[in-house]
Amino acid sequence: MKPGVEQVAGELARRLREEILPELTGFRANVAAMGAELMTMIAEQWDSAAANLVSENREFRGIVQRGSELLGDEALAAAAAGTDEDLRISALTAENDRLRAALTGLHARVEDTEGEAARALDTAIWAALRRSVEVRRVGSANF
Amino acid sequence: MKDITAELLADYLAGKMPELRDIRIEGLARLPMGASRETFRFDLVHTNAAGMPETIKVILRRDPPASNVDSDRAHEFAAYQAIYGHGIPVPRMLLLETDPAPFDGSISLAEDIRGFHNSEYQLQTPEWAGRLPHVAREMWSTMGRLAAVPVEKLDLSFTRPATRENTAAQELAYWTAYLDRHDIGAEPIIRAAIRRLERWQPVAEKLALVHGDFRAGNFLYDDEGNLRAVLDWEMAHCGDPLEDLAWSMTRTFSFGKNDKRSGLATHEEAVRIWEEASGLTADPPALAWWELFNCVKAQGIWNACAHVWMTGAGNEIIHAYAAWWLRNAQDKAALELMGHL
């Protein structure tokens, strides 16, 4: 075992903010302040990043699969296929982006589709997007 | 990029301003202002025609090789010149150099209005709490007066033409294309917002010079909270003045992390001050359209910050910071405005 990223990045941010920043002025102080905030965000997101992406990817696949069934679209079924075997953040993020693109296209089509099933899927898409925003919330964000 | 040094500046200005003798540059320092341009401050010391020493306080802005907004020195310089003398306090422009050769990028020089504050964060400290209503009145009444300036009296040849009927669609098309050009991945929330905005657009009550980034942090204020100058006109354009009002109320600019927009006043208070000063009406559906539009515009800018890094075009910390700090909050703001939060 060794000190965790959250712990070390958090401490680096604290020292940057409390010990180094007061020694600086002007542009350099601003860079140090933003550097400290970035380190804080990294510390905040590090531990849960992979788990959140795996969970979100699973939910997005389910929605895209529902869309495939609603619209009878095999391409959507193909887009919903797959699993997150590569757990590197970069691989999970790339898969997340692919699924978000599929979700974006599906959402536009669902908006133009009549019927209760389409409305239910539309509601499910908004709920998934709301959960995504909640999970990704930055502690220091204004909103 | 070439370092901007006192020697480089003195040599350049001696050639550009031969009427000023014995030019010296003192106190040259880069300022922590803005994500889109480099900003420097200095004293231009010279001997005037009467043989007396004189000092001109100067702000220099330089176009960087990579930025998060599509604008340049010529555009902002022309915007300042257009509004100067029309009742909106702005610094006087001194010089524009569009040849990138002398400084590795175009530069502009402007009068440096010193001794005032511009921090949006300072306004959130307990010492300023009692003065916030006054600062709010100053900000939104100045914005309202800007909205009321007849565009016929301004030289807006520097900006894309607009009509009352087409400005909303035109701005939406511009910023959608901007998002496309700075694509950093799928945007399901912002794309849903764009689809909604495309279904209906408001007609502007009147055209105005829209500042484009009018919010706390982009004006100078004194110790009493009086607004002394409006800065950062690089996104200025002819359009619907509701765009500025809506931008100032974007949730990502709620610096107090509460319901006070721009960290200064509630939505309702801001609208009331703006309407009184402008003589215009902030039609609720139209204002709501511009508020959602500004989520598209803002996300375009935050994505451009990320794009700068992801394409290797630049590595300024402020661009990484803006992308990390703002993108999800902007999505959340769009969700709220679409009634899905």
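Not measured: the values here are computed from a predicted model.

### A short note on the interface of chain B and chain A
Part 1: At the interface, 35 residues of chain B touch 31 residues of chain A.
Part 2: Between chain B and chain A lies a buried interface of about 3,000 Å² when both sides are counted; carbon and sulfur atoms form 69% of it.
Part 3: Summed over the three residues of chain B that lose the most area to chain A, namely Pro 188, Trp 324 and Asn 328 of chain B, the buried surface amounts to 21% of that side.
Part 4: Our enumeration of links across chain B and chain A arrives at 2 salt bridges.
Part 5: One salt bridge connects Glu 111 of chain A with Arg 199 of chain B, and the closest N-O pair in it is separated by 2.8 Å.
Part 6: At the junction of chain B with chain A, the criterion picks out 11 residue pairs in polar contact (both at pLDDT 80 or more).

### Concerning the domain arrangement of chain A
Part 1: On domain assignment, one finds that chain A holds domain 1 (5-46) and domain 2 (49-135).
Part 2: Computed from C-alpha coordinates alone, the two centres of domain 1 of chain A and domain 2 of chain A are separated by 35 Å.

### Notes on the nonpolar core
Residue and element names in this part refer to chain B.
Part 1: Among the nonpolar cores identified, the biggest contains 114 residues, and Ile 83, Trp 140, Leu 209, Trp 233, Leu 245 and Leu 264 are the most heavily contacted of them.
Part 2: Once you skip the residues sitting within four places of it in the chain, Leu 209 turns out to touch Ala 79, Ile 83, Leu 146, Val 151, Leu 154, Leu 156, Phe 158, Trp 233, Ala 236, His 237 and Asp 244.
Part 3: Counting 18 residues, the second-largest nonpolar core is a separate cluster that includes Ala 10, Tyr 12, Val 58 and Leu 109.

### Details of the domain arrangement of chain B
All names here are of chain B.
Part 1: Its domain assignment divides chain B into domain 1 (6-111) and domain 2 (122-337).
Part 2: Taking the mean C-alpha position of each, domain 1 and domain 2 sit 26 Å from one another.
Part 3: At the interface, 28 residues of domain 1 touch 33 residues of domain 2.
Part 4: Summing both sides of the interface, domain 1 and domain 2 together bury roughly 2,400 Å²; the carbon and sulfur share of this comes to 61%.
Part 5: Summed over the shared surface of domain 1 and domain 2, the number is 3 salt bridges.
Part 6: For Arg 30, the salt bridge is made with Glu 316, and the minimal N-O distance between the two is 3.7 Å.

### Brief notes about the packing of aromatic side chains
Part 1: With the rule as written, the count across this model stands at 14 aromatic pairs over all chains.
Part 2: Between Tyr 121 of chain B and Phe 255 of chain B, the ring centres sit 5.5 Å apart and the planes meet at 75°, which makes this aromatic pair edge-to-face. Of this pair, Tyr 121 of chain B sits in the loop between strand S5 (107-111) and helix H3 (132-148) while Phe 255 of chain B is found in the loop between helix H6 (242-248) and helix H7 (267-278), placing the two residues 134 residues apart along the sequence.
Part 3: Taking the relative accessible area as the measure of exposure, Tyr 121 of chain B reaches 42% and is therefore partly exposed.
Part 4: Take Phe 255 of chain B: its relative accessible area is 7%, and that puts it in the buried class.
Part 5: Geometry around Phe 143 of chain A places Lys 332 of chain B over its ring, the cationic atom sitting 4.6 Å from the centre.

### Focus: the environment of Ser 157 of chain B
Residues and elements named next belong to chain B.
Part 1: Among the secondary structure elements, Ser 157 is positioned in the loop between H3 and helix H4 (167-181).
Part 2: For Ser 157, a relative accessible area of 65% puts it in the exposed group.
Part 3: Sequence separation between Ser 157 and Ala 79 is 78 residues; the distance between their C-alpha atoms is 9.6 Å.
Part 4: Within polar-contact distance, the side chain of Ser 157 engages the side chain of Asp 155 at 2.7 Å.

### Re the pattern of salt bridges
Part 1: One pass over the full model with this rule turns up 40 salt bridges over all chains.
Part 2: Glu 18 of chain A serves as the salt-bridge partner of Arg 14 of chain A, at 2.8 Å between the closest nitrogen and oxygen. Residue Arg 14 of chain A and its partner Glu 18 of chain A are located together in helix H1 (residues 5-20), separated by 4 residues, close to a single helical turn.
Part 3: The exposure class assigned to Arg 14 of chain A is partly exposed, which follows from its relative accessible area of 29%.
Part 4: Put simply, Asp 213 of chain B and Arg 215 of chain B hold a salt bridge, and the shortest N to O gap is 3.2 Å.
Part 5: For Asp 213 of chain B, a relative accessible area of 12% gives the class buried.
Part 6: Relative accessible area serves as the criterion here: at 15%, Arg 215 of chain B is assigned to the buried category.
Part 7: A cluster of three or more residues bridged by salt bridges with shared partners is formed by Arg 37, Arg 61, Asp 63, Arg 73, Glu 76, Asp 232 and Glu 234 of chain B.

### Quick word on helix H3 (residues 49-71) of chain A
Residues and elements named next belong to chain A.
Part 1: Along its 23 residues, H3 runs 32 Å from first to last C-alpha, staying within 8% of the 33 Å computed at 1.5 Å per residue.
Part 2: When we look at burial in H3, the residues that qualify are Leu 53, Glu 56, Asn 57, Phe 60, Arg 61, Ile 63, Val 64, Gly 67 and Ser 68.
Part 3: Immediately beyond the C-terminal end of H3, within one or two residues, lies Gly 72, with a positive phi of roughly 60°.

### Observations concerning the layout of surface pockets
Part 1: Space inside the second largest pocket adds up to approximately 1,300 Å³.
Part 2: Forming the walls of the second largest pocket are 39 residues, and the residues nearest its centre are Gln 45, Thr 93 and Arg 136 of chain A together with Trp 324 and Arg 327 of chain B.
Part 3: Elements that contribute at least two residues to the lining of the second largest pocket include exactly helix H2 (26-46), H3, helix H5 (89-111) and helix H6 (116-135) of chain A together with helix H5 (188-199), helix H8 (284-310) and helix H9 (317-337) of chain B.

### Examining the environment of Ala 36 of chain A
Residue and element names in this part refer to chain A.
Part 1: Residue placement: Ala 36 occurs in helix H2.
Part 2: The class of Ala 36 is buried, set by a relative accessible area of 0%.
Part 3: Note: C-alpha distance between Ala 36 and Lys 2 (34 residues apart in sequence) is 22 Å.
Part 4: Ignoring sequence-local partners within four residues, the contact set of Ala 36 consists of Ala 13, Leu 16 and Arg 17.

### Comments concerning the side chain of Asn 96 of chain A
Part 1: Inspection of the secondary structure assignment puts Asn 96 of chain A in helix H5.
Part 2: Residue classification places Asn 96 of chain A among the buried residues on the basis of a relative accessible area of 3%.

Reading guide: rules and limits
Residues numbered from 1 in each chain as written. Chains lettered and ligands numbered in written order. Predicted model: local features only at pLDDT ≥ 70, side-chain atom pairs only at ≥ 80, totals over all residues. Heavy atoms only, no water. Contact = heavy atoms within 4.5 Å. Buried area = accessible area lost by both parts, 1.4 Å probe. Salt bridge = Lys/Arg side-chain N within 4 Å of Asp/Glu carboxyl O. Polar contact = N/O pair within 3.5 Å; in protein donor to acceptor, adjacent residues only side chain to side chain. Domains from an automatic or database assignment. Core = buried A, V, L, I, M, F, W, Y, C linked by side-chain atoms within 4.5 Å. Buried < 20%, exposed > 50% of the residue type's maximum accessible area, 1.4 Å probe, protein only. Phe/Tyr/Trp six-rings, centres within 6.5 Å; stacked < 30°, edge-to-face > 60°. Helix = DSSP H or I, 4+ residues; strand = E, 2+ residues; numbered from the N terminus. Lys NZ or Arg CZ within 6 Å of the ring centre and 35° of its normal. Expected span 1.5 Å × (residues − 1). 1 Å grid on protein atoms, 1.4 Å probe; cavity = no way out; pocket = protein on both sides within 12 Å on 5 of 7 lines; lining within 4 Å. Points joined across faces, edges and corners; volume = space filled by probe spheres on them.

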